[in-house]
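Listed below, chain by chain, are the residues.
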Amino acid sequence: MPDPAVPPTPPVPLTALLTREDLGLRQLAGPPAEGVVVHWVHTSEMADPYPYLLGGELLLSAGVHIPEEAGPGTSYFDAYVSRIVAAGGAALGFGVAPVHDTVPEALVAACASHGLPLLEVPPRTTFSGVARAVWQLMARARLAELRRVTEAQQSLATAASRPDPVPSVLRQLAQRLGGWAVLYGPEGTEIAGAGREPGDEARAALTRLGEVLRPVRSMPTASASSQGDSTSPAGPPRPVEPGATTRPDRPTAAAPTDPGRPAPSSATDSVAGLHLAAYSLGAGHGFVLGVAAPQRTAGDHTVASVAAVLLSLLTGEQQSGTGAARSSALVRMLLGVPPEEVASLLGDGPWVVVRARPDGDGAPDPVAASALGAALGSALIDPAGDVVRVLVPADRAPADPLPGWTLGISSAVEPEDWPAADTQAARALARARATRAPLLRHGARHAFADLVPPGEAAAHARALLAPVTAHPALTETLRTWLSLHGSWDRTAVALSVHRNTVRQRIARCAALLATDLDDPDVRMELWFALRHI
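Position numbers for residues count from 1 along each chain, tracking the sequence in the order it is written. With pLDDT at 70 or above as the cut-off, local features in this predicted model cover only qualifying residues; side-chain atom pairs require 80 or more to be listed or tallied, and sums for whole chains, interfaces and linings still use all residues. Water and hydrogen atoms were dropped before computing side-chain values, which therefore reflect all heavy atoms in the structure.

*Asks:* Is there a simple way to explain the overall build of the protein chain in this structure?
*Replies:* Every helix listed is a DSSP run of H or I at least four residues long, and every strand listed is a run of E at least two residues long, numbered separately from the N terminus. Check the secondary structure of the protein chain and you find 16 helices and 17 strands. Only protein chains enter the accessibility calculation, which uses a 1.4 Å probe. A residue is then buried if its area is under 20% of the maximum for its type, exposed if over 50%, and partly exposed in between. Put simply, the protein chain has 533 residues, and 46% of those count as buried. Working note: accessible area of the protein chain is about 25800 Å², and carbon and sulfur atoms make up 55% of it. Residue-level accessible areas treat just the shown protein chains as cover; the underlying method is Shrake-Rupley with a 1.4 Å probe.

Written out as structure tokens, the structure is:
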């Protein structure tokens, strides 16, 4: 039976038509309707409909083509049904009006013999009514599929912005497809996986399928096989055109045998009752996404493709600005060129500095930092310990919190003020963590302290704070403690130290400054002074 040229709409289960009371269809012969789907409807009164069928049709006929001499003792109906089956027809609908009062018994027997579902179409039901019902069911299925794909895209994008983006995306993909999702590294090893793990046979076949997609540097030795020979690693490779994919119930293509040609971008296979698919990630670093699911619906490929795009961004270098431009800017700054002179290589300003810390324990890994940069639209990322710093154009500064992260954002500055902006972002992050706010911005507004000339204010601050500025930990503790209104617990959270350490440091500051830190006037003066240190 030839494969149907499947249209870009979900097929209609034959059971959905049989349950429509307005149609009144009744199955008379053939296999159970539960396993039969209809891709479209075609009406024909030709004695040989084979040349006019593409496969997957519900063929409707009123029996006009049946000669008077055709009967149980002739071969007419057997030949007619065999041609429909050979053309890949999904089912036959026979209208009992106006030519025939009943469905011929010989036609029922032929359909039963050839395994073709036969439906009786009652006189009150027109063929156009059947076709309209099929299009309606297709439209509903298509709408439901689009909604499912949209929801999956949103959930995958949210997962990609979490501190553990790769496992989160794989978990979400496995959940959406009801199977197993795995990320293979450049060497073919499993980096991460999620969902219901398949058996050894399917797992090995999926690993081999991933090898099909890797760039060929020499003659390939492995291939992915169809069900039945997928466990045999010694089978001969089957060539495929670049970028080709296969139907899930057909043998999968192997890597191209010509080293000069690129590997395909995706490939599929069926093994041990599971549908396997592999997607080459576009970063060009050899990463492959593998999926094993018990069934494949119309939107599954789209959902998996979205996940592959996100994983490509997570496993490869971000391209907000070209890598060459960033490299050039770095080299020039290392050689002494001021930041403002190389900023044009990185994009238009002004800029903000974003400091981000993942919720929970542990430091973010490079993939999580890369995912954060992708969410913020910047490739200028610096994972530093438990904090990630990102230099972001001011027009891309985050307006809303990012799930799984606590953010501190500086004011918008020109390149020459990047160091000051980094300090602002650090203080904003510390305050955000202390107040349990997911996002805080540095507040820049005029104050009474701005009435004093900057030079005089800085000289006064240095003189006033000289006893503690020799100890950076004391200075930062005093600054944080004052910004949080003297809260021991919040200061401890912001500085990641014990509250007793905060008490000891503040007591030390009071002793060195020989002042009463409970006095609000003293606190105000110290706060103004700290703004100039």
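*Asks:* I keep staring at a negative patch on the surface and nothing clicks. Help me out?
*Replies:* What makes a patch is a set of residues exposed beyond 30% relative accessible area and free of salt bridges, joined within 9 Å when like-charged and within 5 Å when nonpolar (Val, Leu, Ile, Met, Phe, Trp, Tyr). Here, a salt bridge means any Lys or Arg side-chain nitrogen found within 4 Å of an Asp or Glu carboxyl oxygen. Charge assignment: positive for Lys and Arg, negative for Asp and Glu; neither His nor the chain ends contribute. Positions of charges follow a simple convention, taking NZ of Lys, CZ of Arg, CG of Asp or CD of Glu. On the surface, Glu340, Glu341, Glu414, Glu416 and Asp417 cluster together into a negatively charged patch. Within the secondary structure, Asp417 is located in the loop between β16 (405-409) and α11 (418-435).

*Asks:* Just checking my understanding: could you explain the nonpolar core for this structure?
*Replies:* Across soluble globular proteins, nonpolar side chains show a tendency to be buried alongside one another. Among the nonpolar cores identified, the biggest contains 30 residues, and Leu156, Val169, Leu170, Leu173, Leu289 and Leu311 are the most heavily contacted of them. For this core, the elements supplying multiple residues, two or more each, are α4 (127-160), α5 (165-177), β8 (180-184), β9 (190-195), β11 (274-280), β12 (288-293) and α7 (300-315). The element best represented in this core is α7, accounting for eight residues. If near-sequence neighbours (up to four positions away) are discounted, Leu311 is found in contact with Val166, Val169, Leu170, Leu281 and Leu289. Nonpolar cores are built from buried Ala, Val, Leu, Ile, Met, Phe, Trp, Tyr and Cys residues. Side-chain atoms within 4.5 Å join them into one set. Among the nonpolar cores identified, the runner-up in size contains 23 residues, and Leu25, Val36, Phe127 and Leu137 belong to it. Every residue pair with non-hydrogen atoms within 4.5 Å of one another is taken to be in contact.

*Asks:* Help me understand α7 in this model?
*Replies:* Helical periodicity: at 3.6 residues per turn, an α-helix aligns residues three or four positions apart in one direction. Between its first and last C-alpha atoms α7 spans 22 Å; for 16 residues at 1.5 Å apiece the expected length is 22 Å, and the two agree. By the burial criterion, the buried members of α7 are Asp300, Val303, Ala304, Val306, Ala307, Ala308, Leu310, Leu311, Ser312, Leu314 and Thr315. Of the surrounding secondary structure, the elements contacted by the buried residues of α7 are α4, α5, β8, β11, β12 and α10 (366-376). A helix's residues, less one, multiplied by 1.5 Å, set its expected span.

*Asks:* Explanation requested: the packing of aromatic side chains in the structure shown.
*Replies:* In this description, a pair of aromatic rings is defined by centroid distance and the angle of the planes. Each Phe, Tyr or Trp ring, with Trp reduced to its six-membered ring, pairs with another whose centre is within 6.5 Å; inter-plane angles below 30 degrees give stacked pairs, above 60 give edge-to-face pairs, and intermediate values give tilted ones. The final tally for this structure, using the stated rule, is four aromatic pairs. On the numbers, 5.8 Å between centres and 90° between planes, the contact of Trp351 with Trp418 is edge-to-face. On the criterion of sequence distance, the pair formed by Trp351 in strand β13 (residues 351-358) and Trp418 in helix α11 is long-range, its members being 67 residues apart. You can call Trp351 buried: its relative accessible area is 1%. Trp418 gets classed as buried once you look at its relative accessible area, which sits at 11%. The ring centre of Tyr50 lies 4.2 Å from the NZ or CZ of Arg83, which sits over that ring. We call a charge positioned over a ring when the NZ of a Lys or the CZ of an Arg lies within 6 Å of the ring centre and within 35 degrees of the ring normal.

*Asks:* I'm lost on the environment of Ala160 in this one. Help?
*Replies:* Secondary-structure assignment places Ala160 in helix α4. Sequence separation of Ala160 and Leu372 is 212 residues, and the distance between their C-alpha atoms is 8.5 Å.

*Asks:* I would appreciate a short explanation of the packing of α5 against α7 in the present structure.
*Replies:* The packing of two helices is summarised by the inter-axis angle and the distance between the axes. Inter-axis angles, ranging from 0 to 180 degrees, are taken between N-to-C directions of lines fitted to C-alpha atoms, where helices are fitted over the stretch in contact. As a packed pair, α5 and α7 sit with axes 10 Å apart at the nearest point and diverge in direction by 175°. In terms of axis orientation, α5 runs roughly antiparallel to α7. Where α5 approaches α7, its residues Pro165, Val166, Val169, Leu170, Leu173, Arg176 and Leu177 are matched on the opposing element by Asp300, Val303, Ala304, Ala307, Leu311 and Leu314. Classification convention: Asp, Glu, Lys, Arg as charged; Ala, Val, Leu, Ile, Met, Phe, Trp, Tyr, Cys, Pro as nonpolar; all other residues, Gly among them, as polar. Tallied by class, the residues present in the contact of α5 with α7 amount to 11 nonpolar, no polar and two charged. Roughly parallel here means an angle under 35 degrees, roughly antiparallel means over 145, roughly perpendicular means 65 to 115, and every remaining angle is called oblique.

*Asks:* When you look at unusual backbone geometry in this model, what are you seeing that I'm missing?
*Replies:* Backbone torsion omega between Ala97 and Pro98 reads 5°, so that peptide bond is classified as cis. Along the polypeptide, Pro98 turns up in the loop between β6 (91-95) and α3 (105-114). In the Ramachandran plot, Ser496 falls in the positive-phi region, its phi being about 60° despite a non-glycine side chain. If you trace the backbone, Ser496 turns up in the loop between α14 (488-495) and α15 (499-513). Non-glycine residue Ala514 carries a positive phi angle of around 50°. Take Ala514: it is sitting in the loop between α15 and α16 (520-530). Residue Ala514 is classed as exposed on the basis of its relative accessible area, which comes to 69%.

*Asks:* Help me out: how do you make sense of the packing of α4 against α7 in this one?
*Replies:* At a closest axis distance of 9 Å, the pairing of α4 and α7 adopts a crossing angle of 15°. The orientation of α4 relative to α7 falls into the category roughly parallel. The element α4 and its partner α7 pack so that their crossing is right-handed. Contacts between α4 and α7 pair Glu145, Arg148, Val149, Ala152, Gln153, Leu156, Ala157 and Ala160 from the former with Asp300, Thr302, Val303, Val306, Ala307, Leu310 and Leu314 from the latter. Residues of the contact of α4 with α7, tallied by class, amount to 10 nonpolar, two polar and three charged. A crossing counts as left-handed when the near helix is turned anticlockwise from the far one by less than a right angle, and as right-handed when that turn is clockwise.

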